[in-house]
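Read off the chains here:
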Amino acid sequence: MSYAITGLALLAAVTLVNALLTFAVIKRWRATMAAPAPAPAAAASGPPALAVHEGDHTPAFTLRTPRGEVSESTLTGYPALICFLRPDCGPTRESLPEIQRWAEANTPSGAHLVAIISGQPPEAGPLLEAVGPLTGLTATEPPNGPVADAFGVRHHPTFVLLDADGTITETGIGQGSLPALNLLTA
């Protein structure tokens, strides 16, 4: 009989603790529901930003290309257009004619065209074939790779125009940004 009384007393204690915890949860839930909702974070206005800006010096980077290693120091002496492209990106494909026009207008006078393709070589193959005839300075890197990270590239296509001293003169993000920023007249 004493086991039955002890069991009932234990059951009553557990039931009381359970009831107290339930009331505490209900009280906290009501307080949470009565509190004003937090203000939504302000959406960024304007175009997406890069980590580099006009007037900045080119960040340090190194690429392995068919012509050998390319870095910010090897691009000095002539203007350069750095293109960040992605193989599965429609705006990238639509920007290829503008990139070709820039290359035809500027590389004969010594300007450099650098194409950095986000993705592994197998998936980047068709895009490499498209830009390869325009420049030997092509490279692939993983998405958000080291060079894209140095420039703060998060959207494709992205274009960065450098003057002969390695200073960033203009940047463009997205389809149509290459001709819109007058990048064709380096």
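Residues numbered from 1 in each chain as written. Predicted model: local features only at pLDDT ≥ 70, side-chain atom pairs only at ≥ 80, totals over all residues. Heavy atoms only, no water.

Here's the deal with helix α2 (residues 90–106)
Since one α-helical turn is 3.6 residues long, residues separated by three or four positions face the same way.
1) Next: Over its 17 residues, α2 extends 25 Å from the first C-alpha to the last, a length consistent with the 24 Å expected when each residue adds 1.5 Å.
2) Next: Within α2 the residues assigned to the buried category are Thr92, Ser95, Leu96, Glu98, Ile99, Trp102, Ala103 and Asn106. (Helix = DSSP H or I, 4+ residues; strand = E, 2+ residues; numbered from the N terminus. Expected span 1.5 Å × (residues − 1). Buried < 20%, exposed > 50% of the residue type's maximum accessible area, 1.4 Å probe, protein only.)

Considerations on unusual backbone geometry
1) Next: The omega torsion across His156 and Pro157 is -10 degrees, close enough to zero to call that bond cis.
2) Next: Note that Pro157 resides in the loop between α4 (146–151) and β6 (158–162).
3) Next: The phi dihedral of Asn144 falls on the positive side, at around 55 degrees, and the residue is not glycine.
4) Next: Counting through the fold element by element, Asn144 comes out in the loop between β5 (138–141) and α4.
5) Next: Looking at Asn144, the relative accessible area reads 53%, which means it is exposed.

Some remarks on the packing of aromatic side chains
1) Next: If you walk through the whole model with that rule in mind, you get two aromatic pairs.
2) Next: For the pair Phe84 and Phe151, a centre-to-centre distance of 5.3 Å together with 55 degrees between the ring planes defines the contact as tilted. Of this pair, Phe84 sits in strand β3 (residues 80–85) while Phe151 sits in helix α4, and the two are 67 residues apart along the sequence.
3) Next: In this structure Phe84 comes out as buried when scored by relative accessible area, which is 1%. (Phe/Tyr/Trp six-rings, centres within 6.5 Å; stacked < 30°, edge-to-face > 60°.)

A closer look at empty space enclosed by the protein
1) Next: If you walk through the whole model with that rule in mind, you get one cavity of 30 Å³ or more.
2) Next: The space that makes up the largest cavity amounts to roughly 30 Å³.
3) Next: Lining the largest cavity, in full, are Phe84, Ile116, Ile117, Ser118, Glu141, Pro142, Ala148 and His156.
4) Next: Residue contributions to the lining of the largest cavity peak at three residues, all from strand β4 (residues 112–118).
5) Next: For the lining of the largest cavity, the residue count by class is five nonpolar, two polar and one charged. (1 Å grid on protein atoms, 1.4 Å probe; cavity = no way out; pocket = protein on both sides within 12 Å on 5 of 7 lines; lining within 4 Å. Points joined across faces, edges and corners; volume = space filled by probe spheres on them. Nonpolar A, V, L, I, M, F, W, Y, C, P; charged D, E, K, R; others polar.)

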